[in-house]
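Remarks on the overall topology
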Amino acid sequence: MQPLIDNARSFGQRPEEFAGLAEGQSPQVLFITCSDSRVVPALITGARPGQLFELRTAGNIVPPYASAHPTGEAATIEYAVEVLGVRDVVVCGHSHCGAVGALVRGDDLDAVPAVRDWLAHATPRPAGAAEDPEVAEGVQSHVLTQLLRLRSYPCVARGLAAGRLTLHAWYYEVHTGAVRAHRAGTDTFESL
C-alpha cells in the first residue's frame, strides 16, 4: 500500500497538469471492462485523464436493461451516451478472466452468493474449453453477448440508429499485452 500512498502524495504536486479537468469532461469513449486489477484501460489505450469514461464490473457484464429497476451499470451507460455524448463504446474482455472461467467450468459459487448471482447476468453460459487457462474462446463469446445486450439499451439503440454511436468488442491478453478487435466480416478477433 505504501507505494500507492507515495504516488498519491506526489500526484497532487502537479496541479497545472490537471487544472483544465475542473472545467468538465468530454470523453469520446465509454470503456466497459472487467474489474480485474490486471486490466488497466488507460494503460492499454494510452488515454489521459478525461479521455475515457469507464465502467468496470466483475466479468465486464452488461446486465439486462430494466427501466423499472435501474442499475448503476445502466445509469453509467445512459449518462455516457445521452449526457456526455460518447461516440464509441468498447466492451473489453480479457484472458485469464476468473469470472468467465468460473462460468465456462461451471464452478460452484455458493460460497460467494453475490458473485454467483451477479454472474447469472452473463447468460447464456459462455462457450469454451474448461481446461483452457486463458479462456480465450469463452471470453470472446462472452464479450459478443455483452455487446448484443448493450444494443438493447434504449439510449444505445437510439445512438446506433442515428449513426452517432459505434460499438466495439475487444479481447485483451494479460500475458502479452496484445489487444484484438472483433471483425464482423470474418467473425473473428484480430490484432488491432
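Data block above holds the structure.
Analysis parameters
- Residues numbered from 1 in each chain as written.
- Predicted model: local features only at pLDDT ≥ 70, side-chain atom pairs only at ≥ 80, totals over all residues.
- Heavy atoms only, no water.
- Helix = DSSP H or I, 4+ residues; strand = E, 2+ residues; numbered from the N terminus.
- Rg over C-alpha atoms; globule rule 2.2 N^0.38 Å.
- Contact = heavy atoms within 4.5 Å.
- Areas by Shrake-Rupley, 256 points an atom, 1.4 Å probe, with all protein chains shown as cover.
- Expected span 1.5 Å × (residues − 1).
- Buried < 20%, exposed > 50% of the residue type's maximum accessible area, 1.4 Å probe, protein only.
- Core = buried A, V, L, I, M, F, W, Y, C linked by side-chain atoms within 4.5 Å.
- Phe/Tyr/Trp six-rings, centres within 6.5 Å; stacked < 30°, edge-to-face > 60°.
- Axes fitted to C-alpha atoms, helices over the stretch in contact; angles between N-to-C directions.
- Parallel < 35°, antiparallel > 145°, perpendicular 65-115°, else oblique.
- Left-handed = near helix turned anticlockwise from the far one by under 90°.
- Nonpolar A, V, L, I, M, F, W, Y, C, P; charged D, E, K, R; others polar.
- Pairing = 2+ DSSP bridges.

**As for the overall build of the protein chain**
- If you tally the helices and strands in the protein chain, you get seven helices and six strands.
- Put simply, the protein chain runs from its N terminus to its C terminus through helices and strands in the order α-β-α-β-α-β-α-α-α-α-β-β-β.
- Taking 16 Å as the expected radius of gyration for a compact globule of 192 residues, we find that the protein chain reaches 18 Å, a close match to that expectation.
- Taken over the C-alpha atoms alone, the protein chain extends approximately 50 × 45 × 35 Å along its principal axes.
- Counted over contacts in the protein chain with a minimum sequence separation of 6, partners at least 24 positions apart contribute 61%.
- When the accessible surface of the protein chain is totalled, it reaches about 10,300 Å², and 55% of it is carbon and sulfur.

**Side note on helix 6 (residues 136-151)**
- When the terminal C-alpha atoms of helix 6 are compared, their 23 Å separation across 16 residues agrees well with the 22 Å that a helix rising 1.5 Å per residue should span.
- All of the buried residues in helix 6 are A136, G138, V139, Q140, H142, V143, Q146, L147, R149 and L150.

**What to know about the nonpolar core**
- Core analysis: the largest hydrophobic core is formed by 39 residues, its most contacted members being L30, I32, I77, V86, V89, L150 and V156.
- Setting aside residues no more than four positions away along its own chain, I77 makes contact with L30, I32, L55, V62, L150, Y153, C155 and V156.
- Ranked by size, the runner-up nonpolar core spans 11 residues in total, among them F31, V39, V90 and C92.

**Things to note about the packing of aromatic side chains**
- Counted according to the given criterion, the structure contains three aromatic pairs.
- Arranged with centres 6.0 Å apart and planes meeting at 35°, the rings of F53 and Y79 form a pair that is tilted. Of this pair, F53 sits in strand 2 (residues 52-57) while Y79 sits in helix 3 (residues 72-83), placing them 26 residues apart in sequence.
- Take Y79: its relative accessible area is 38%, and that puts it in the partly exposed class.

**Here we look at the packing of helix 3 against helix 7 (residues 154-161)**
- Relative to each other, helix 3 and helix 7 sit at 30°, their axes nearing to 9 Å. The pairing of helix 3 with helix 7 is recorded here as roughly parallel in orientation. Where helix 3 crosses over helix 7, the handedness of that crossing is left-handed. Note on element contacts: helix 7 touches helix 3 through C155, V156 and R158, opposite I77, E78, V81 and E82.
- Considering only residue class, the contact of helix 3 with helix 7 consists of four nonpolar, no polar and three charged.

**What to know about the sheet that holds strand 3 (residues 88-94)**
- Taken in spatial order, the six strands of this open sheet run 2-1-3-4-5-6, and their pairing is mixed. Only two strands of the sheet have a single partner each, and these edge strands are strand 2 and strand 6 (188-191). Taken over all neighbouring pairs, the strand axes of this sheet differ in orientation by 30° on average, direction set aside.
- Here strand 5 (residues 179-183) runs beside strand 6; their pairing, made up of four bridges, is antiparallel. Each residue of the ladder has a partner; that of R183, found in strand 6, is T188.
- The sheet contacts of helix 6 involve strand 1 (29-34), strand 3, strand 4 (166-172), strand 5 and strand 6, and relative to strand 4 the element is tilted by about 160°.

**What about the environment of R164?**
- As for its placement among the helices and strands, R164 is situated in the loop between helix 7 and strand 4.
- According to the relative accessible area criterion, R164 is partly exposed, its value standing at 32%.
- For the pair formed by R164 and V143, sequence separation is 21 residues and the distance between their alpha carbons is 22 Å.
- The residues contacting R164, other than those within four sequence positions of it, are V81, E82, V86, R87, R158 and G159.

**Considering the environment of Q13**
- Along the chain, Q13 turns up in the loop between helix 1 (2-11) and strand 1.
- A relative accessible area of 59% places Q13 in the exposed class.
- Considering only alpha carbons, one finds Q13 and R87, 74 residues apart in sequence, at a separation of 33 Å.

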